[in-house]
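Spelled out from the first residue to the last, the chains are:
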Amino acid sequence: DYDNIIENAMTNQSPSFVDVPRSVMNPTDGEQAMYDHEAVKDLQLPVRVQKPGERETRRTADVWLVRLPDTESAIKKAPYIVLQPVQGEDAQEPGQKRRSSAMVRLVFTIFHPDGEEGGPALLELMERVRTAFLKNPNIGGQFSLVEAEGLAWGINYDLSPPYYNGEMVGRWTLPAVEREDFQAWLRSH
């Protein structure tokens, strides 16, 4: 999985959920986006007009894994949420089962032409995702929010209208990798 991700990163092409084989980096449809699509499906946000003569449209936020496809997308693709695994940990105390977890950051960006409505629209999107996580902290039977560490969020006030940006960070448990008997593995190969 990581070779594929690195190769895509080197060619400036961000992997999508379809491009990367099944792993923590490529959730199933039920796990995809690590949030409840139902919670935001009716939240239609403005999309920036890209060409003269186009009409303003609205849609739900797209979800991207790791990053947007290119640097110009930061403006063109809004509204969106980018899922970024930022740090992982595997630990095993003597006599205990191995524990695996990852810190995941969600970056929320929206476009809104009305300066009075942009901030509240961003907060509405973030609040719906936050509420969905807290109501159901288990995703696809594999990932669980580590509630003891909380779910942190913040707004980036450095970005100026008509773009609004915030982020949410939480630690999620991952399926632990079980240790193999190395000698048995050698005999079988």
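Refer to the structure presented above.
Residues numbered from 1 in each chain as written. Predicted model: local features only at pLDDT ≥ 70, side-chain atom pairs only at ≥ 80, totals over all residues. Heavy atoms only, no water.

So, about the pattern of salt bridges. According to the stated counting rule, one finds 6 salt bridges in the structure shown. A salt bridge links Asp 62 to Arg 59, with the shortest nitrogen-to-oxygen separation between them at 3.4 Å. In this structure Asp 62 comes out as partly exposed when scored by relative accessible area, which is 31%. You can call Arg 59 partly exposed: its relative accessible area is 22%. Where Glu 127 meets Arg 130, a salt bridge forms, and the shortest distance between an N and an O atom there is 2.7 Å. (Salt bridge = Lys/Arg side-chain N within 4 Å of Asp/Glu carboxyl O. Buried < 20%, exposed > 50% of the residue type's maximum accessible area, 1.4 Å probe, protein only.)

The next point concerns the packing of aromatic side chains. Tallying each qualifying case throughout the model produces 2 aromatic pairs. Each ring, one from Phe 111 and one from Tyr 163, has its centre 5.5 Å from the other, and the planes form 55 degrees; the classification is tilted. A residue pair is termed long-range when its members are at least 10 positions apart, and Phe 111 in strand E5 (residues 99-111) and Tyr 163 in strand E9 (residues 163-174) qualify at 52 residues. A ring pair is formed by Phe 133 and Trp 172, whose centres lie 5.0 Å apart and whose planes are at 65 degrees; its orientation type is edge-to-face. In this pair, Phe 133 is assigned in helix H4 (residues 115-135) and Trp 172 in strand E9, connecting sequence segments 39 residues apart. Like Phe 133, the residue Trp 172 is buried in the burial classification. (Phe/Tyr/Trp six-rings, centres within 6.5 Å; stacked < 30°, edge-to-face > 60°. Helix = DSSP H or I, 4+ residues; strand = E, 2+ residues; numbered from the N terminus.)

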